Amino acid sequence: MKLDRKYEEFRQEVFEFAHQEVLPKAKVIDQTGEFPLDTIKKLGEKGYLGIPYPKKYGGAGLDYLSYVIAAEEISRVCAATGLTLCAHTSLGTYPIFRFGNEEQKKKYLTKLASGVFLGAFGLTEPNAGSDAGAIETTAQKTNDGYILNGTKRFITSAEYAKTIIIAATLDKSLGTKGITTFIVEQDFAGFSIGQREHKLGLLGSNTVELIMEDCFVPKENLLGEEHQGFAIMMETLDGGRISIGAHALGIAQGALDVAKEFLRANPIKSQLVSKILADIATHIYAARLMVYDAAMLKDFGIRADKECAMAKLYASEVGTWACGEVIRLLGMIGLTKEYPVERFYRDAKLSEIGEGTSEIMRLIIGREVLKENTNNAT
Amino acid sequence: MNFDLTENQKMIQDMVRQFAKAELEPKAAEIDKTGEFPMASIKKLAELGLMGMVIPEKYGGAGFDFVSLAIAIEEISRACGSTGVIVAVNNSLAAYTIYNFGTEEQREKFVRPLATGQKLGAFALTEPNVGSDPASLETTARLEGDYYILNGTKRFITNGGVSDIFLVFATTDKTKGYKGIIALIVEKGTPGLSCGKHEDLLGLRATANCEIIFEECKVPKANLLGKEGEGFKIALSALDVSRIDIGAQAVGIAQAALDKSIQYAKERKQFGRPIAEFEMIQAKLAEMATKIQASRLLTYYAAYQKDKGVARFSQESSMAKLFASTTAVFVTKEAVQIFGGYGYSKDYPVERYYRDAKCMEIYEGTSEIQRIVIARSLLSA
């Protein structure tokens, strides 16, 4: 795929950064579960925590395509750090950029996009996963703000985030129409971090439970309008899905990198090796075209639920599959920590779950396909 | 044609299932985390006669058939993947191989304690540079008087860190290729035998998998299994049998993932109803169950060939191993998917199944090797 030179130069820059700053810690943070705060700080200093946001709000003033290239290159060496970048940019920051008012942008977006703050996004709850409309966290309106009560689970980066976009319901009887979003600061009274999640992979990313007990949010921290929360969340997730696609694509590429390195050191004469390499490389190529196309649609300002869902669905399935293939190619060594592919294998599986499972992606794609004019080619 | 298990096989299935659920499953998450070898569980399994299942009673075994062994390994693996491998290695690769090729003295001295569970066995074939091609072993055996002197390193040896009896493959003459390979029985405590680093593996983490190092290790000539030059044949014969066990392990792990998925799908409610009512989930469960049943039948069929006394059943055992391990990876991946975010967390055992299942596709020959074994058998027929 031939991209404009500026993208190739940007990829090279991120590639070098990833190898110098991110890769050396990837194995360690997987083993210790330590959150790589200093790496995240460096990402911020390079402007990588606000790639698609305007310079006037502290961002790098680039576009979504540049952002997904960065997400891919970081995830290629360390998926945990890649996920932190994605969750911050697409989920923690985007809603404020897209739906925030000018004061909120000045107060929060400038700090998030410049990497001074880390951002998070709290939607998932113990009883609301795929069924995001069923959230039980309540927001009770008062004269000068809202009082939140409830529990969130599996929230990425929240322990280290300054701001968390929280979805809560003003009126459960309204279903998705009752959902409203708020910008919650970590140090608001009544807001606390619960248990850290014990996970299969992405151990160097932070995943926690959030607990809100009579947590007061001032009215100026309402994000968008009341009752607009579900639409805000869904549009945010659309963009998020492109970056999860990029994340999975980076993992798949990382696995292919391992296969190449291994085979150069240990040549295996077998047509089945060519088959494995060819299939992985071909699927990566297809996944990359889909992820980049979805990013370019976003840069054109075109709402593309279907393409975002397709990119995420396809790239994430390629990610887990490719890691599994490379483990087998390496044999028993592939099951050890001598090569990073067993880590990638554990990391990759989340892409098929987070920000909408593959099953939800298929429902979205199916719905969108039926909506289309029958004369249009898909 | 009869697909029914015999009364004896059914009894074994019930007994092992109950034992595994009560004794092994509650410890599985903890030993996965700590990597601690489940010695207490192995002692209990030995008391039930499950460490020497296919060894005749005359040598301390239970005198069961290979279908029964597959059933037992399946039920054990359904509760705990690590314990399943430990039991399989002791039963087939160590005890049965020594029984099958050993002299009367060797059977008394080595098979009896392995079959009663008094001692634990390991099978040391794989080396750092030799995985899929056992003909190119680098561990050497030099005959000096009444002893073979072993030098070399074995890697990825299940039970390695805790075994008392090792079945070791080495070459007496590298220029002879596979014809130079011998099989030697080496006892723990033999000077020059030591354990190297413990492997930190993706799955099956409680199997004391480690490196075994031989430095001028003096093994009595009486411990030669079979004859000089027969090592390669012995290794292949052992692997034919143990690939049936891997099929059984894979079926057990996959069955556990299906059990948990069915239970969770009925309990977990989204969009106002149990997710079990959604057709995409139903389709997954159906696909998982169908593939598991096919794997189980392939596995039992391969074991049945062995019980019938068929001389060569490489094709059947490789088919069982290939299909069941691919199925285990598929089924456990679908189980994680059904559990969603909870599947990715350690709150439920499915992430462990997912890691354990992957190992099935790798050891004792990757899926690619199995395909080649099957194809060679097809083409030579």
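What you see is a predicted model; the values in this text were computed from it and never measured.

### Some remarks on the overall build of chain B
Consideration 1: Helix and strand counts for chain B stand at eleven helices and ten strands.
Consideration 2: Taken against the 2.2 N^0.38 rule, which gives 21 Å for 381 residues, the C-alpha radius of gyration of chain B at 21 Å falls within 12% of a compact globule.
Consideration 3: With respect to the principal axes defined by its C-alpha atoms, chain B has extents near 80 × 45 × 40 Å.
Consideration 4: Across the 381 residues that make up chain B, the buried fraction comes to 59%.
Consideration 5: A fraction of 74% describes how many contacts in chain B between residues 6 or more apart in sequence connect residues 24 or more apart.

### Topic: the overall build of chain A
Consideration 1: When its secondary structure is counted, chain A shows ten helices and eight strands.
Consideration 2: For chain A, the C-alpha radius of gyration of 20 Å lies close to 21 Å, the compact-globule estimate for 378 residues.
Consideration 3: Here the C-alpha coordinates of chain A stretch approximately 75 × 55 × 40 Å along the principal axes.
Consideration 4: Of the contacts made within chain A by residues no fewer than 6 positions apart, 75% connect residues no fewer than 24 positions apart.
Consideration 5: Total accessible area computed for chain A in this model is approximately 14,600 Å², and 53% of it derives from carbon and sulfur atoms.
Consideration 6: Charge centroids of chain A, computed over 44 positive and 49 negative side chains, lie 3 Å from each other.

### A closer look at the environment of Y96 of chain B
All names here are of chain B.
Consideration 1: Considering the arrangement of structural elements, one finds Y96 in helix α4 (residues 81-101).
Consideration 2: Given the relative accessible area of 10%, Y96 is considered buried.
Consideration 3: Separated by 84 residues in sequence, Y96 and I12 place their C-alpha atoms 19 Å apart.
Consideration 4: Excluding residues that lie within four positions of it along the chain, Y96 makes contacts with V54, I55, F66, N91, V241 and K306.

### Let's talk about the interface of chain B and chain A
Consideration 1: Opposite the 38 residues of chain B that make contact, chain A presents 42 residues.
Consideration 2: Interface area, chain B with chain A, both sides summed: about 3,600 Å², of which 63% is carbon and sulfur.
Consideration 3: Where chain B packs against chain A, one counts seven salt bridges.
Consideration 4: In this structure, E359 of chain A engages K284 of chain B in a salt bridge whose closest nitrogen and oxygen atoms are separated by 2.6 Å.

### Some remarks on the pattern of salt bridges
Residue and element names in this part refer to chain B.
Consideration 1: Evaluation of the coordinates by the stated rule reveals 71 salt bridges over all chains.
Consideration 2: Between K119 and E187 there is a salt bridge, and its shortest N-O distance comes to 3.9 Å. With K119 in the loop between α5 (104-116) and β1 (121-124) and E187 in strand β5 (residues 181-187), this residue pair connects regions lying 68 residues apart in the sequence.
Consideration 3: By relative accessible area, E187 is classed as partly exposed at 23%.

### A few points about the nonpolar core
Consideration 1: Grouped together as the largest cluster of nonpolar side chains are 186 residues, with contacts concentrated most on V68 and V291 of chain A together with I98 and F169 of chain B.
Consideration 2: Sort the elements by how many residues they give to this core and helix α6 (residues 231-267) of chain B lands first, with 18 residues.

### Things to note about the pairing of strand β4 (residues 165-171) of chain B
All names here are of chain B.
Consideration 1: Judged by how many residues are buried, β4 sits mostly within the fold: seven of seven residues are covered.
Consideration 2: Of the pairings in the sheet, the one linking β4 to β5 comprises seven bridges and is antiparallel in character. Note on β5: the bridge partner recorded for T171 is I181.

### Considerations on unusual backbone geometry
Leaving glycine out, the prevailing phi sign among residues is negative, and the prevailing peptide bond configuration is trans.
Consideration 1: The residue S157 of chain A is not glycine, and still its phi comes out positive at about 70 degrees.
Consideration 2: Note that S157 of chain A resides in the loop between β3 (145-156) and β4 (163-169).
Consideration 3: Its identity is not glycine, yet L204 of chain B carries a phi of approximately 50 degrees, on the positive side.

### With respect to the environment of I71 of chain B
All names here are of chain B.
Consideration 1: Relative to the elements of secondary structure, I71 occurs in helix α3 (residues 66-79).
Consideration 2: Among the residues examined, I71 registers a relative accessible area of 0% and is labelled buried.
Consideration 3: Sequence separation between I71 and Q9 is 62 residues, and the spatial gap between their C-alpha atoms is 7.7 Å.

### Notes on the UniProt feature "domain: Acyl-CoA dehydrogenase/oxidase N-terminal" (unreviewed entry) in chain B
Consideration 1: The residues that UniProt annotates with the feature "domain: Acyl-CoA dehydrogenase/oxidase N-terminal" (unreviewed entry) are residues 6-118 of chain B.
Consideration 2: A distance of 29 Å separates the end C-alpha atoms of residues 6-118 of chain B, which is 75% helix and 0% strand.

### Describing a nonpolar patch on the surface
All names here are of chain A.
Consideration 1: Taken together, the side chains of M1, Y285 and L289 make up a nonpolar region of the molecular surface, amounting to roughly 290 Å² of accessible area.
Consideration 2: On the secondary structure map, M1 appears in the segment before α1 (5-32).
Consideration 3: Relative accessible area serves as the criterion here: at 43%, M1 is assigned to the partly exposed category.

### Some words on the packing of helix α6 (residues 229-265) of chain A against helix α8 (residues 305-330) of chain A
Residue and element names in this part refer to chain A.
Consideration 1: Taken N-terminus to C-terminus, the directions of α6 and α8 make an angle of 20 degrees; their axes are 8 Å apart at the nearest point. Here α6 is positioned roughly parallel relative to α8, judged by the angle of their axes. The element α6 and its partner α8 pack so that their crossing is left-handed.
Consideration 2: Counted by class, the contact of α6 with α8 contains 21 nonpolar, three polar and four charged residues.

### What to know about helix α9 (residues 341-348) of chain A
Consideration 1: Among the eight residues in α9 of chain A, eight count as buried, and that is most of the element.
Consideration 2: Within the sequence span of α9 of chain A, burial applies to V341, E342, R343, F344, Y345, R346, D347 and A348 of chain A.

### A look at the state of the cysteines
Consideration 1: Enumeration over the complete set of coordinates arrives at zero disulfides over all chains.
Consideration 2: Left unpaired, C308 of chain A is separated from the closest cysteine sulfur, that of C86 of chain A, by 13 Å.
Consideration 3: Looking at the unpaired C217 of chain B, the closest cysteine sulfur is the one in C195 of chain B, lying at 12 Å.
Consideration 4: According to the relative accessible area criterion, C217 of chain B is buried, its value standing at 0%.

### Some thoughts on the packing of aromatic side chains
Consideration 1: A full pass over the atoms with the stated rule returns 20 aromatic pairs over all chains.
Consideration 2: Here the aromatic cluster, defined as three or more aromatic residues joined through ring pairs, consists of F154 of chain A together with Y264, F339, Y342 and Y348 of chain B.
Consideration 3: Sitting over the face of the ring of Y147 of chain B, K218 of chain B holds its NZ or CZ atom 4.5 Å from the ring centroid.
Consideration 4: Sitting over the ring of F330 of chain B, K291 of chain B keeps its end group 4.0 Å from the ring centre.

### Side note on the side chain of E125 of chain A
Consideration 1: Counting through the fold element by element, E125 of chain A comes out in the loop between β1 (119-122) and β2 (138-141).
Consideration 2: If we ignore the near neighbours within four places in the chain, the residues touching E125 of chain A are I135, E136, T137, T151, K152, R153 and A167 of chain A.

### Describing the confidence of the model for chain B
Consideration 1: When the pLDDT values of chain B are averaged, the result is 96; 100% of them are 70 or greater.
Consideration 2: Scored as a complex, the prediction yields pTM 0.95 and ipTM 0.93.

### Topic: the domain arrangement of chain B
Residue and element names in this part refer to chain B.
Consideration 1: The assigned domain composition of chain B is domain 1 (7-120), domain 2 (123-229) and domain 3 (232-380).
Consideration 2: The straight-line distance from the C-alpha centre of domain 1 to that of domain 2 is 22 Å.
Consideration 3: Facing 25 residues of domain 1, the contacting portion of domain 2 comprises 20 residues.
Consideration 4: Counting the surface domain 1 buries against domain 2, the share from its top three residues, Q106, F110 and L120, is 27%.
Consideration 5: Joining domain 1 to domain 2, the criterion identifies two salt bridges.
Consideration 6: Connecting domain 1 to domain 2 are eight residue pairs in polar contact (both at pLDDT 80 or more).
Consideration 7: Mapped by element, the contributors of at least two residues to the side of domain 1 that touches domain 2 are α1 (7-34), α4 and α5.
Consideration 8: Among the elements that make up the side of domain 1 that touches domain 2, the one with the highest residue count is α4 (ten residues).
Consideration 9: Class assignment for the residues of the side of domain 1 that touches domain 2 results in 14 nonpolar, seven polar and four charged.

The rules behind these values
- Residues numbered from 1 in each chain as written.
- Chains lettered and ligands numbered in written order.
- Predicted model: local features only at pLDDT ≥ 70, side-chain atom pairs only at ≥ 80, totals over all residues.
- Heavy atoms only, no water.
- Helix = DSSP H or I, 4+ residues; strand = E, 2+ residues; numbered from the N terminus.
- Rg over C-alpha atoms; globule rule 2.2 N^0.38 Å.
- Buried < 20%, exposed > 50% of the residue type's maximum accessible area, 1.4 Å probe, protein only.
- Contact = heavy atoms within 4.5 Å.
- Areas by Shrake-Rupley, 256 points an atom, 1.4 Å probe, with all protein chains shown as cover.
- Lys, Arg positive; Asp, Glu negative; His and termini not counted.
- Charge placed at Lys NZ, Arg CZ, Asp CG, Glu CD.
- Buried area = accessible area lost by both parts, 1.4 Å probe.
- Salt bridge = Lys/Arg side-chain N within 4 Å of Asp/Glu carboxyl O.
- Core = buried A, V, L, I, M, F, W, Y, C linked by side-chain atoms within 4.5 Å.
- Pairing = 2+ DSSP bridges.
- UniProt positions renumbered as here; feature names shortened; annotations may be inferred.
- Patch = residues over 30% accessible without salt bridge, like charges linked within 9 Å, V, L, I, M, F, W, Y side chains within 5 Å.
- Axes fitted to C-alpha atoms, helices over the stretch in contact; angles between N-to-C directions.
- Parallel < 35°, antiparallel > 145°, perpendicular 65-115°, else oblique.
- Left-handed = near helix turned anticlockwise from the far one by under 90°.
- Nonpolar A, V, L, I, M, F, W, Y, C, P; charged D, E, K, R; others polar.
- Disulfide = S-S within 2.5 Å.
- Phe/Tyr/Trp six-rings, centres within 6.5 Å; stacked < 30°, edge-to-face > 60°.
- Lys NZ or Arg CZ within 6 Å of the ring centre and 35° of its normal.
- pLDDT = per-residue confidence, 0-100.
- Domains from an automatic or database assignment.
- Polar contact = N/O pair within 3.5 Å; in protein donor to acceptor, adjacent residues only side chain to side chain.

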